[in-house]
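This is what each chain is made of:
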Amino acid sequence: MTIFLCGFMGCGKTTVGKLAAKKMGISFFDSDDLIVESQGMTIPEIFARKGEPYFRKTEADIIKSLCGKKAVVACGGGAMLNPDSAATAALSGEVIFLDVDFESCYERICGDSNRPIAASSTKEELKERFNLRRDIYLKHSTIHIDSSGSPMRTVELITEAIKFNRPV
């Protein structure tokens, strides 16, 4: 089963994903890292040279390629906004929404030049994007986790939810 972690930029998908994969003894993939590797460019370079639609198409292809793998996948913040990607991911495993408040996410992403959307947006714009995306994450996830605690606590909640296949 593939476990896809979704949520806003800075919610902890990569940190929690690595820990969860290790605890479960399965592989870990970061979709953004796979995009960078496949394109031979950083995410800001992809956005600048090829645009966000190209990035989103590549992201959707990467998500589809990971379906069916026994792995935890940290998805980019926009990956599950694509209804086709979200549906494909849900059919091949679990889509877990890591729900963290905006201020915590903002503290982690402000000033990060490797996040083109964060780098080019005001705090107010990011808050608006956060609010719009939260509803979409809730709609497209199969499990909803309050991940405001420590990364290890979030891993415990994930493994419990997977075991019982119910929201935590």
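Placed above this text is the structure.
The rules behind these values
Residues numbered from 1 in each chain as written. Predicted model: local features only at pLDDT ≥ 70, side-chain atom pairs only at ≥ 80, totals over all residues. Heavy atoms only, no water. 1 Å grid on protein atoms, 1.4 Å probe; cavity = no way out; pocket = protein on both sides within 12 Å on 5 of 7 lines; lining within 4 Å. Points joined across faces, edges and corners; volume = space filled by probe spheres on them. Helix = DSSP H or I, 4+ residues; strand = E, 2+ residues; numbered from the N terminus. Nonpolar A, V, L, I, M, F, W, Y, C, P; charged D, E, K, R; others polar. Pairing = 2+ DSSP bridges. Axes fitted to C-alpha atoms, helices over the stretch in contact; angles between N-to-C directions. Buried < 20%, exposed > 50% of the residue type's maximum accessible area, 1.4 Å probe, protein only. Arc of directions from axis to C-beta. Contact = heavy atoms within 4.5 Å.

Draft legend 1. Layout of the layout of surface pockets. Roughly 600 Å³ of internal volume is contained in the largest pocket. What lines the largest pocket is a set of 29 residues, and nearest its centre among them are Asp32, Ile43, Gly76, Gly77 and Arg115. Listing elements by their share of the lining of the largest pocket, those giving two or more residues are α1 (13–24), α2 (31–39), α3 (43–50), α4 (52–66) and α7 (116–119). Class assignment for the residues of the lining of the largest pocket results in ten nonpolar, nine polar and ten charged.

Draft legend 2. Summary view of the sheet that holds strand β4 (residues 93–99). Pairing in this open sheet of five strands is parallel, and the strands run β2-β3-β1-β4-β5 from one edge to the other. Each edge of the open sheet carries a strand with a single partner, namely β2 (27–30) and β5 (143–146). Neighbour-to-neighbour, the strand axes of this sheet turn through a mean angle of 25 degrees, independent of strand direction.

Draft legend 3. Quick peek at helix α5 (residues 83–92). If you check which residues of α5 are buried, you get Ser85, Ala86 and Ala89. Along α5, the residues classed as buried sweep out an arc of 100 degrees about the axis, all on the same side. Facing away from the buried surface of α5 by more than 90 degrees, the exposed residues are Pro83, Asp84 and Leu91. Against β1 (2–6), α4, β4 and α8 (123–140) lie the buried residues of α5.

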